[in-house]
Amino acid sequence: MVRAADLPADVRRFILTSIPSVPYLEAVLLLRSADTAGWDAAAVARRLYVPEKQAADLLQQLAGSGIASEGEPGTYRYAPATDELRLVLDGVAEAYATNLVTVADLIHARLDKRAQQFADAFRLRKE
């Protein structure tokens with residue numbers, strides 16, 4: 001099994017800094033798989049098995065992060081804002097296709113760390 005440290009540095013860094021959840025990544029990959037198609041929340045929800053509201057939020061997040069663009073109202077397509085972003089997303093897609101568990105673990109580790117930091121903020125400390 002490939003360790004997170006074995007992933008390309010730019011891919012690992014992008015996952016840690018820019019992928020908030022596995023459904024977000026799967027929405028990226030879905031739009032990328034049919035980059036000329038327009039996707040609406042209902043279609044994304046059906047393909048990712050998430051509620052339509054969550055799919056709509058994911059599409060808006062993708063547009064806000066420069067990964068997708070909105071065409072007709074409520075319809076989005078894969079359109080990375082820069083060539084560099086397109087290349088790193090290609091690397092993320094390859095890593096996920098070949099090392100799904102490693103990438104998912106990396107995303108979850110990031111979430112677990114944030115949860116622990118939040119919990120630690122409320123820990124009573126002896127002065």
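Residues numbered from 1 in each chain as written. Predicted model: local features only at pLDDT ≥ 70, side-chain atom pairs only at ≥ 80, totals over all residues. Heavy atoms only, no water.

1. Focus: the confidence of the model for the protein
Interpreting fine coordinate detail is not advised for predicted regions of low pLDDT. Selection rule: The pLDDT value expresses, per residue, how confident the predictor is, ranging between 0 and 100. Every residue pair with non-hydrogen atoms within 4.5 Å of one another is taken to be in contact.
The predicted model of the protein averages 86 in pLDDT, with 83% of residues at 70 or higher. Here residues 112–122 is a poorly scored stretch, pLDDT under 50, and it has 2 contacts once near neighbours within four places are set aside; other chains count.

2. Examining the environment of Ala93
Operational definition: Starting at the N terminus, helices and strands are each numbered in turn, a helix being any DSSP run of H or I of at least four residues and a strand any DSSP run of E of at least two.
Within the element layout of this structure, Ala93 appears in helix α5 (residues 83–98). For the pair Ala93 and Val103, spaced 10 residues apart in sequence, the C-alpha to C-alpha distance is 9.9 Å. Sequence-distant contacts of Ala93, that is, excluding residues within four places in its chain, are made with Leu29 and Arg32.

3. Here's the deal with α5
We apply this condition: How far a helix is expected to stretch is found by multiplying one less than its residue total by 1.5 Å. Only protein chains enter the area calculation, which uses a 1.4 Å probe; residues under 20% of their type maximum are buried, those over 50% are exposed, and those in between are partly exposed.
Between its first and last C-alpha, α5 extends 23 Å over 16 residues, near the 22 Å set by a 1.5 Å rise per residue. Within α5, burial applies to Leu85, Val88, Leu89, Gly91, Val92, Ala93, Ala95 and Tyr96.

4. Some details on helix α2 (residues 22–33)
We apply this condition: We define a polar contact as two N or O atoms separated by no more than 3.5 Å, with the added condition that, inside protein, one atom must be a possible hydrogen donor and the other a possible acceptor, whereas residues neighbouring each other in sequence contribute only through side-chain atom pairs.
Taking 1.5 Å of rise per residue, the 12 residues of α2 would be expected to cover 16 Å, and the 16 Å separating its terminal C-alpha atoms lies within 8% of that figure. Within α2, the full set of buried residues consists of Val22, Tyr24, Leu25, Ala27, Val28, Leu29, Leu30 and Leu31. One side-chain oxygen of the residue at the start of α2 lies 3.2 Å from the amide nitrogen of Tyr24, identifying that residue as Ser21.

5. Regarding the pattern of salt bridges
Put simply, the rule is: Here a salt bridge means any side-chain nitrogen of Lys or Arg lying within 4 Å of a carboxyl oxygen belonging to Asp or Glu.
Throughout the structure, instances matching the rule amount to 2 salt bridges. Linking Lys53 and Asp57 is a salt bridge whose minimum nitrogen-to-oxygen distance equals 2.8 Å. Placement of the pair is Lys53 and Asp57 together in helix α4 (residues 52–64), with a separation of 4 residues, close to one helical turn. The exposure class of Lys53 is exposed, given its relative accessible area of 58%. Among the residues examined, Asp57 registers a relative accessible area of 28% and is labelled partly exposed.

6. Here's the deal with the packing of helix α1 (residues 9–18) against α5
Note the cut-off: Fitted lines through C-alpha atoms give the axes, limited to the stretch in contact for helices. The angle between two N-to-C directions lies from 0 to 180 degrees. For classification purposes, angles smaller than 35 degrees are called roughly parallel, those larger than 145 roughly antiparallel, those between 65 and 115 roughly perpendicular, and all remaining angles oblique.
Contact geometry for α1 and α5: axes closest at 9 Å, N-to-C directions at 90 degrees. Taken together, the axes of α1 and α5 are roughly perpendicular relative to one another. For the pair α1 and α5, contact is made by Asp10, Val11, Phe14 and Ile15 and by Leu85, Val88, Leu89, Gly91, Val92 and Ala95, respectively.

7. Concerning the environment of Tyr24
Relative to the elements of secondary structure, Tyr24 occurs in helix α2. Measuring from C-alpha to C-alpha, the distance between Tyr24 and Gln54 comes to 9.7 Å, with 30 residues separating the pair along the chain. Dropping the residues within four chain positions of it, Tyr24 is found in contact with Ser18, Ile19, Leu58, Gln61, Leu62, Ser65 and Ile67. Reaching out from Tyr24, the side chain makes a polar contact with the side chain of Ser65 at a distance of 2.9 Å.

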